[in-house]
Amino acid sequence: MSRVLEVENLRVTFPGVNGSRFAAVDGVSFALSRGETLALVGESGCGKSLTSLSLLRLVPEPGRIEPESRIRLGETDVLSLRGEALRDIRGRRIGMIFQDPMTSLDPVFRVGDQIAEGIRAHFPVSKREARDRSVALLREVGIPDPVARAQSYPHQLSGGMRQRVMIAIALAAEPEILIADEPTTALDVTVQAQILEVLDQLRSQRGMAVLLITHDLGIVAGRADRVAVMYAGEIVEEAPTARLFAQPSHPYTQGLFASIPRLSGPIERLNPIPGTVPPAAAWPSGCRFRPRCPYAFEPCVRDPALLPAGPDHRARCWLIESEK
Amino acid sequence: MASGTGVVHPVTRWLLRRAAQAGVTLVVVTVLLFFLMRLAPGDPLGQLGDERQYTQAQLAVLRHLYHTDQPLLRQLASWAMALLHGDLGSSFSEHRPVTALIAERLPATLQLGGTVLLVNFTLGLWLGAVQAVRRGGWIDRWLTTLSLAGFAMPSFWLGLMLAWLVGVKWRLLPPGGIANPLLGPDTPWWILATDRLAHLILPAATLVIVSIAITMRYQRRAMLEVLPLPYIVAARAKGLPESVVRRHHAWRNALFPVLTLVGLWLPILVTGSVFVEAVFAWPGLGSLAAEAIGRRDYPLLMGTGMLVSAMVIGGGLLTDVAYALLDPRVRWA
Amino acid sequence: MGLTDFIRQLLAAVWRRPAGRVGLSTLGIVLIAALAAPPFLPDPAAQPDIVEQASLPPGAGHPFGTDQLSRDILARVAWGGRISLAVAGLAVVLSATIGAGVGLVAGYLGGLVDTALMRLVDAALAIPRLFILLLLLVVWERIPLPALILILGTTGWFGTSRLVRGEVLRLRHEPFVTGAEALGARRTRVMFRHLFPNTLGPLLVAATLGVGEVILLEAGLSFLGLGIQPPTPSWGGMILDAKPVLITAPWTGLFPGLAIVVTVLAVNLVGDALAGAVNPRES
């Protein structure tokens with residue numbers, strides 16, 4: 001199992017009041033192997049999007065990736081790349097699907113051209129060749145009548161089609177890793193399923209590793225090999241999917257599962273996790289989930305490290321130790 | 001999905017409505033200008049009569065000619081009718097139709113104005129973009145300060161200073177006029193062209209310096225709005241070089257708000273040219289207006305004012321049309 | 001919050017920005033020079049007409065030199081500043097008042113009133129302000145100062161009214177407005193007590209920038225002979241006087257112009273800083 005991506009101790013900081021900086025992503029580490037799908041799950045504000053942007057060094061100003069972070073793509077140290085070399089990994093080694101296809105597509109250019117642009121940025125092909133490849137990609141992502149559709153402007157397409165175009169753009173330069181940032185959040189339920197199908201197909205066809213970012217545990221089952229749960233800038237639990245679903249060990253993960261409304265079974269009240277997600281500028285001291293945790297006890301005044309909770313399963317919670 | 005399937009394309013319908021609005025505004029402008037003339041105290045014809053020592057009989061003839069002996073509403077009607085026929089009245093001082101005078105002087109102003117617009121929409125847009133990309137840096141701050149300093153200068157003063165410094169003291173460029181009157185008709189074309197260009201530089205530079213701040217500011221703001229947008233980040237994520245991202249994607253989208261600037265430019269140019277043309281003896285509409293002031297030539301001022309307002313309204317309409325044509329979201333709604 | 005608190009807060013916000021600091025301090029110096037200096041400087045209306053004092057370059061005794069009529073230029077610049085600033089200030093207050101009033105009425109009452117007023121404003125905006133001024137002023141023999149201020153003030157409210165109207169439209173359905181209406185407040189009360197204070201921010205920005213605009217316009221009019229009449233000194237008038245002797249005595253035209261540039265620049269910097277304070281942009 002070769003590792004295509006290794007992230008160690010990623011810290012992304014932003015300026016706060018009075019000149020200090022706070023970490024929106026605080027010491028995140030994970031790895032991705034060839035052909036594997038890792039789901040990064042968390043609510044909005046936990047830092048998962050920033051994590052994915054960091055992989056491409058697209059963190060918006062005034063954010064900054066702190067020097068103790070390490071991002072390694074195979075043999076390449078992503079954080080030390082400059083200019084041309086950095087451009088080379090964007091699109092070519094890592095492709096990214098953005099959250100809202102309406103705002104992530106340039107409204108004044110045709111979609112076919114936007115795909116072709118991504119191709120010509122990395123391959124020395126003629127405009128015609130790039131155009132042909134764009135059409136082929138559109139067909140691959142399941143858009144009917146791709147030749148005609150390539151001439152459309154983004155606002156002329158439906159949400160689902162736009163998302164497919166985004167996928168086509170992400171695949172244009174044939175990357176080995178695909179980052180899908182909330183690929184279905186902006187879509188209707190029925191379309192969501194279709195898009196996920198397309199992603200699945202393409203992934204297995206091309207043997208890509210996928211980093212799936214979402215807040216929806218529902219789409220993770222059956223699609224991801226492993227899951228990492230993020231809260232307040234940290235990974236609080238990670239495990240193979242089946243294991244996480246069977247035995248969630250962190251109180252936050254448990255809370256997430258418990259709060260999913262069930263369509264079958266007796267009608268019960270919803271069980272939301274009490275309290276709200278803390279703002280990044282003011283993480284609580286000690287264990288960051290402590291204010292909302294029903295099991296908080298004495299040791300929680302110190303922020304736990306990721307502790308082993310089973311085979312290939314770790315969680316950031318003192319409860320695990322005390323259980324032994 | 002694709003373009004409208006109704007009888008009339010919705011964009012065309014909107015444009016027609018805009019044109020109708022513009023027409024209404026034009027009518028209101030006509031009435032406004034008319035009443036402005038009547039509002040001002042003093043009696044232009046009487047003054048003219050005094051200056052030229054007309055007899056009462058002559059004055060009466062004059063009043064009849066200019067309809068000032070008729071009731072107000074009748075005068076408005078004759079004014080409006082005349083306008084519809086393209087008649088902007090006759091100049092007091094030159095006894096020629098205003099339209100003829102304007103036609104004579106318009107080309108020079110168009111030359112000057114056109115050059116100023118050209119420089120503004122190339123240099124100005126470029127500098128504004130530079131400011132946006134290097135926002136907060138020393139270049140951004142210095143460009144803002146310099147352009148604001150230029151904006152704060154009275155155009156006539158700057159013109160005089162430049163004419164004196166560059167034209168007289170250093171003798172680098174001609175301090176006035178549109179062409180060297182000594183060049184005969186058999187002078188080779190490229191000498192004539194260079195001479196014309198030399199005469200154009202100072203007045204154009206004056207107008208550019210006092211107005212470039214507007215374009216730069218507009219462009220800077222437009223680019224700053226576009227640069228953080230998701231599709232710009234997405235473009236970078238494709239691996240496109242930064243220059244392509246800026247030029248191709250950011251710039252193109254920032255163009256739209258800047259386009260509205262074209263419509264706004266006419267009033268600025270007009271106001272500036274009145275002073276600059278007077279200072280540089282540039283034989284255009286601006287100096288025509290300045291002369292009209294000196295001679296208290298009411299019809300000439302009115303006629304010029306009417307034309308300029310019509311141009312401003314037309315400019316605004318053209319901008320809307322350009323928007324409709326260029327923005328695919330509007331065109332293929 | 002009270003009006004004085006609001007103004008104080010705005011001034012503090014302007015002071016916080018470096019450009020605003022520069023503008024505000026420069027403006028302060030200009031105002032002090034214009035207000036305080038004239039009594040200490042020779043009266044520019046009195047022409048000593050001592051020929052050997054005519055057209056002296058800047059030097060001892062005459063920091064800005066003298067003009068062709070032996071008048072000290074520094075004194076005239078200071079006096080002219082007093083007049084020009086007063087004219088601009090008063091005219092802008094007038095414009096802002098009319099513009100705010102029209103904007104409030106049009107925005108709040110809506111309907112036919114709004115349409116009619118805005119059509120009028122559109123037409124007025126289509127005519128370059130200079131032309132309106134020229135048409136109004138050209139027939140006077142000598143324009144009395146109050147008339148000039150009045151004319152400048154009544155021709156400068158169009159843009160402001162649109163601005164205020166925009167704000168009113170934005171705030172019209174806010175709870176504080178509907179609440180007042182529900183309590184039976186009269187329309188005038190809603191407009192002036194509730195809506196108006198909320199438009200004060202953008203209004204002040206527009207007014208500040210308007211001062212710069214009026215200074216330039218008045219200078220231009222004086223240059224054309226249609227503004228402030230001699231022998232009252234004005235910056236524009238001084239530049240007009242300097243025209244025939246510019247080649248031999250450029251300082252006669254240079255300093256009044258510089259005074260205009262410095263003042264208008266300062267005003268615009270303050271206006272900019274105010275705009276930044278009133279509309280905080282996301283950083």
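Parameters at a glance
Residues numbered from 1 in each chain as written. Chains lettered and ligands numbered in written order. Predicted model: local features only at pLDDT ≥ 70, side-chain atom pairs only at ≥ 80, totals over all residues. Axes fitted to C-alpha atoms, helices over the stretch in contact; angles between N-to-C directions. Helix = DSSP H or I, 4+ residues; strand = E, 2+ residues; numbered from the N terminus. Parallel < 35°, antiparallel > 145°, perpendicular 65-115°, else oblique. Left-handed = near helix turned anticlockwise from the far one by under 90°. Contact = placed C-beta atoms within 7 Å. Nonpolar A, V, L, I, M, F, W, Y, C, P; charged D, E, K, R; others polar. Core = buried A, V, L, I, M, F, W, Y, C linked by C-beta atoms within 7 Å. Buried ≥ 20, exposed ≤ 12 C-beta atoms within 10 Å, placed from the backbone. Pairing = 2+ DSSP bridges.

Chemist: Would you take a moment to explain the packing of helix 5 (residues 98-133) of chain B against helix 12 (residues 298-326) of chain B for this structure?
Modeler: When two helices pack together, you describe them by how their axes are tilted relative to each other and by the distance separating the axes. All names here are of chain B. Between helix 5 and helix 12, the least distance of the axes is 10 Å, while the angle of their chain directions is 60°. In terms of orientation, helix 5 and helix 12 fall into the oblique class. Of the two possible hands of crossing, helix 5 and helix 12 adopt the one that is right-handed. Mapping the contact onto sequence places Val98, Leu101 and Ile102 in helix 5 and Pro299, Leu300, Gly303, Thr304 and Leu307 in helix 12. Its residues placed into classes, the contact of helix 5 with helix 12 shows 6 nonpolar, 2 polar and no charged.

Chemist: Could you clarify how one ought to interpret the interface of chain B and chain C in this entry?
Modeler: Interface extent is often summarised as the accessible area lost during association of the parts. On the side of chain C, 38 residues touch chain B, which itself brings 40 residues to the contact. The set of elements that each furnish at least two residues to the side of chain B that touches chain C consists of helix 1 (10-39), helix 6 (138-151), helix 7 (155-169), helix 10 (242-280), helix 11 (285-295) and helix 12 of chain B. Element by element, the count of residues in the side of chain B that touches chain C is highest for helix 1 of chain B, at 9 residues. For the side of chain B that touches chain C, the per-class residue count stands at 34 nonpolar, 5 polar and 1 charged.

Chemist: Explain the environment of B:Asn120 here, please?
Modeler: Residues and elements named next belong to chain B. By secondary structure assignment, the location of asparagine 120 is in helix 5. Separated by 49 residues in sequence, asparagine 120 and lysine 169 have C-alpha atoms that sit 28 Å apart. The contact partners of asparagine 120, leaving out residues within four places of it in the chain, are Val208, Ser211, Ile212 and Thr215.

Chemist: How should I be thinking about the packing of helix 10 of chain B against helix 12 of chain B in this particular structure?
Modeler: Residue and element names in this part refer to chain B. In the contact formed by helix 10 and helix 12, the axes pass within 9 Å of each other and the chain directions differ by 170°. Classified by the interaxial angle, the pair formed by helix 10 and helix 12 is roughly antiparallel. Of helix 12, the residues touching helix 10 (which contributes Phe256, Leu259, Thr260, Val262, Gly263, Leu266, Pro267 and Val270) are Val308, Met311, Val312, Gly315, Gly316, Leu318, Thr319, Ala322 and Tyr323. A per-class count over the contact of helix 10 with helix 12 returns 12 nonpolar, 5 polar and no charged.

Chemist: I would appreciate a short explanation of the nonpolar core in the present structure.
Modeler: One broad rule of soluble globular proteins: the nonpolar side chains tend to lie buried together. By size, the foremost hydrophobic cluster in this structure holds 157 residues, and its most contacted members are B:Leu301, C:Leu133, C:Leu134, C:Leu135, C:Ile239 and C:Val270. Counting residues in each nonpolar core, the second largest holds 95 residues, with A:Leu53, A:Val111, A:Ala224 and B:Tyr231 among its members.

Chemist: Would you explain the pairing of strand 5 (residues 70-73) of chain A in this entry?
Modeler: Regular strands have side chains that alternate between both faces of the sheet. Residues and elements named next belong to chain A. In strand 5, alternate side chains face the same way, and those of Ile71 and Leu73 are buried while those of Arg70 and Arg72 on the opposite face are not. Note: strand 1 (residues 3-15) against strand 5, 4 bridges, orientation antiparallel. Paired with leucine 5 across the two strands is leucine 73, which belongs to strand 5. The pairing of strand 5 with strand 6 (residues 76-77) spans 2 bridges and is antiparallel. Looking across to strand 6, one finds that arginine 72 is bridged to aspartate 77. Taken together, strand 5 and the strand that follows it, strand 6, pair antiparallel across an intervening segment of 2 residues, in which glycine 74 is found at a positive phi of about 65°.

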